[in-house]
Amino acid sequence: MTEAAALPGQPRGGVLSGPATARAVNVLAPNASAMTLDGTNTWIVSEPDSELAVVVDPGPLDDVHLRHVVDTVRKAGKRVALTLLTHGHPDHAEGAGRFAELTGTHVRALDPALRLGDEGLGHGDVVTVGGLELRVVPTPGHTADSLCFHLPADQAVLTGDTVLGRGTTVVAHPDGRLGDYLDSLRRLRSLTVDDGVRTVLPGHGPVLDDAQGAVEFYLAHRAHRLAQVETAVENGHTDPADVVAHVYADVDRSLWPAAELSVRAQLEYLRDHGLI
């Protein structure tokens with residue numbers, strides 16, 4: 001879910017279905033909109049020499065798309081062994097139940113309500129399938145249940161909606177909290193500094209080749225917006241919709257409802273820290 005039109009990091013190019021790294025292939029869902037950019041990126045991840053694949057975020061409940069994902073896996077000589085969710089928003093997770101029916105797989109997620117099977121996902125978990133290793137990185141903020149998946153073999157991270165390939169994401173108040181989101185961005189920055197992550201495989205938008213640059217952009221953007229909101233409040237604009245009109249005047253008005261969610265999260269953060 002995008003909030004603005006600025007470009008973080010270094011986009012590889014247009015969003016296309018196909019290989020992004022040695023182990024990750026994107027199948028773009030046909031649900032383009034102002035909030036989903038070109039559509040939801042459904043990621044197929046596997047070791048090149050393995051017959052087993054993991055699918056991250058099957059996407060919306062669109063049978064044509066879900067079958068296309070299954071066919072893409074099959075044409076690569078593989079089968080889906082597991083389904084993972086970065087978070088529960090419908091454009092990422094609504095199709096998970098139907099996808100599980102098509103593939104006979106379990107669905108693992110942080111939120112128990114989204115799981116199909118006995119296993120969930122949490123901090124420190126490592127998902128291993130057919131030699132593939134995905135490390136679970138808790139990244140609450142966009143939503144309380146948001147996760148990223150570190151793919152160390154490709155020096156990549158699948159970020160869901162925590163970092164997008166184009167624009168900036170929404171802190172979906174009240175479920176999303178700005179303090180959590182800033183901590184999550186710092187956690188991702190540590191991955192780029194300490195663990196060599198170079199590539200962002202986002203839930204929407206193009207692949208980013210400069211992961212550290214993208215995360216630094218997000219942190220700077222958040223600091224800038226927060227300062228703008230604080231100034232707006234000091235000038236008497238306390239209603240969230242009024243703050244949006246002043247702070248997000250450069251953003252397409254169709255995105256103002258989403259921006260208002262972020263403003264509410266920013267106002268809550270400022271109040272909690274005694275800044276307003």
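The structure displayed is predicted, hence computed values, not measured ones. (Residues numbered from 1 in each chain as written. Predicted model: local features only at pLDDT ≥ 70, side-chain atom pairs only at ≥ 80, totals over all residues. Heavy atoms only, no water.)

**What about the nonpolar core?**
Basically, it comes down to this: For this analysis, a nonpolar core means a set of buried residues of the types Ala, Val, Leu, Ile, Met, Phe, Trp, Tyr and Cys, connected via side-chain atoms within 4.5 Å. Think of it in three bands: with a 1.4 Å probe and only protein chains considered, a residue is buried below 20% of the maximum accessible area for its type, exposed above 50%, and partly exposed in between. Helix and strand labels come from DSSP, where a helix needs a run of H or I of at least four residues and a strand needs a run of E of at least two; each type is numbered from the N terminus. By the convention used here, residues are in contact when the closest approach between their heavy atoms is within 4.5 Å.
Counting residues in each nonpolar core, the largest one holds 37 residues, and the members touching the most others are Val157, Val163, Leu178, Leu185, Leu188, Val229 and Tyr248. Element by element, the count of residues in this core is highest for helix H5 (residues 211–234), at nine residues. Once residues lying within four places of it in the same chain are set aside, the contact partners of leucine 185 are Thr162, Val163, Val215, Tyr218, Leu219 and Arg222. Counting residues in each nonpolar core, the second largest holds 22 residues, with Val56, Leu121, Leu147 and Val207 among its members.

**Points about the environment of valine 263**
Topologically, valine 263 is positioned in helix H7 (residues 256–272). Using a relative accessible area of 0% as the deciding quantity, one classes valine 263 as buried. For the pair formed by valine 263 and tyrosine 248, sequence separation is 15 residues and the distance between their alpha carbons is 9.6 Å. Among residues more than four places away in sequence, those in contact with valine 263 are Pro240, Val243, Val244 and Tyr248.

**A short note on helix H4 (residues 178–194)**
Since one α-helical turn is 3.6 residues long, residues separated by three or four positions face the same way. To be explicit about the condition: Take the number of residues in a helix, subtract one, and multiply by 1.5 Å to get its expected span. Note that the arc is computed from the directions linking the helix axis to the C-beta atoms.
Between its terminal C-alpha atoms H4 stretches 24 Å, which fits the 24 Å expected from 17 residues at 1.5 Å a residue. Restricting attention to buried positions, one finds in H4 the residues Leu178, Tyr181, Leu182, Ser184, Leu185, Leu188, Leu191 and Thr192. Summarising the axial view, the buried residues of H4 lie within an arc of 165 degrees, below the 170-degree limit, and thus occupy one face. Seen from the open side of H4, the exposed residues pointing more than 90 degrees away from its buried face are Val193 and Asp194. Positioned one or two residues after H4, glycine 196 has a phi angle of 75 degrees, which is positive.

**Points about the sheet that holds strand E8 (residues 132–138)**
The pairing of strands in a sheet happens through backbone hydrogen bonds and is either parallel or antiparallel. This is how it is decided: Two strands pair under a simple rule: DSSP has to find at least two bridges between them. For every element, the axis is a line fit to its C-alpha atoms; helices are fit only across the contacting stretch, and the angle between N-to-C directions ranges from 0 to 180 degrees.
Pairing in this open sheet of five strands is mixed, and the strands run E7-E8-E9-E10-E11 from one edge to the other. Two strands in the sheet have a free side with no partner beyond their single neighbour: strand E7 (126–129) and strand E11 (199–202). In this sheet, neighbouring strand axes are inclined to one another by 25 degrees on average, regardless of whether the strands run parallel or antiparallel. Sheet topology note: the E8/strand E9 (residues 147–151) ladder contains four bridges and is antiparallel. Paired with arginine 135 across the two strands is histidine 150, which belongs to E9. Seen against the sheet, H4 touches E8, E9 and strand E10 (156–160) and runs at an angle of roughly 145 degrees to E8.

**Looking at the pairing of E9**
Of all five residues making up E9, five are buried, and the element is well covered by its neighbours. Burial along E9 is two-sided: the residues Leu147, Phe149 and Leu151 and Cys148 and His150 are all buried. When E9 meets E10, the two strands line up antiparallel, connected through three bridges. Within the sheet, the bridge partner assigned to phenylalanine 149 lies in E10 and is leucine 158.

**Things to note about empty space enclosed by the protein**
Basically, it comes down to this: Put simply, the grid is 1 Å and covers the protein atoms alone, a cavity is a trapped set of points that fit a 1.4 Å probe, a pocket is an open set with protein on both sides within 12 Å along at least five of seven lines, and lining residues have an atom within 4 Å of a point. Grid points are joined across faces, edges and corners, and a volume is the space filled by probe spheres set on the points. Three categories are distinguished: nonpolar for Ala, Val, Leu, Ile, Met, Phe, Trp, Tyr, Cys and Pro, charged for Asp, Glu, Lys and Arg, and polar for the others, with Gly belonging to the last.
On inspection of all chains with the given rule, the structure shows one cavity of 30 Å³ or more. Here the largest cavity defines a volume of roughly 40 Å³. Lining the largest cavity are Val157, Thr159, Leu188, Leu191, Thr192, Val197, Val200, Ala211 and Val215. Ranked by residue count, the leading element in the lining of the largest cavity is H4, at three residues. When grouped by side-chain class, the residues that make up the lining of the largest cavity number seven nonpolar, two polar and no charged.

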